[in-house]
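Next come the chains, spelled out residue by residue.
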Amino acid sequence: MAEVPAQMIALCQSDALLHGGRAVAFDVVYAGQTCQAFAIRYHAGVHAYLNRCTHVAMEMDYQPGRFFDDTGNWLLCATHGAAYVPDTGACAGGPCRGGLVKVALSESDGVVYWHTDNRLQPLDF
């Protein structure tokens, strides 16, 4: 398979992501499959993951854009209660099987960007 050049794709304004707040969802193609990813802010950093629990490959949010528990310290899968560390995606408890698939993000001049790679590409319309 040929190497695909990496791109930075504008996702949202920085102020759309608040610590422990709603996520910004976006569609991606990961390893040839169309799926959703989500971006969050945890403390000062921005992080993104595929919206796919490692316990059972299903979307995790209990309401659109809602991934954090009530404390704002854990990402939870609404279906079976798997918990993940917000800044690494590592399994923190419950029935998860490894960590979430991380999507590279950067933040510059008030804009959050996601980064493509060989397995992660934008959805073509």
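The coordinates are above.
Residues numbered from 1 in each chain as written. Predicted model: local features only at pLDDT ≥ 70, side-chain atom pairs only at ≥ 80, totals over all residues. Heavy atoms only, no water.

Draft legend 1. How the structure looks around the pattern of salt bridges. Taken as a whole and judged by the stated rule, the model has 1 salt bridge. Residues E107 and R41 are paired through a salt bridge, measuring 2.6 Å at the closest nitrogen-oxygen approach. Of this pair, E107 sits in strand 9 (residues 105–108) while R41 is found in strand 3 (residues 33–42), placing the two residues 66 residues apart along the sequence. Assessed through its relative accessible area of 35%, E107 is described here as partly exposed. R41 sits in the buried class, given a relative accessible area of 12%. (Salt bridge = Lys/Arg side-chain N within 4 Å of Asp/Glu carboxyl O. Helix = DSSP H or I, 4+ residues; strand = E, 2+ residues; numbered from the N terminus. Buried < 20%, exposed > 50% of the residue type's maximum accessible area, 1.4 Å probe, protein only.)

Draft legend 2. Just the sheet that holds strand 2 (residues 24–30), in detail. Strand order across the open sheet formed by 5 strands is 8-4-3-2-11, with antiparallel pairing between neighbours. Looking along the sheet, the strands with just one partner apiece sit at the ends: strand 8 (102–103) and strand 11 (120–122). Strand direction decides the pairing type here: strand 2 and strand 11, joined by 3 bridges, are antiparallel. Within the sheet, the bridge partner assigned to Y30 lies in strand 11 and is L120. (Pairing = 2+ DSSP bridges.)

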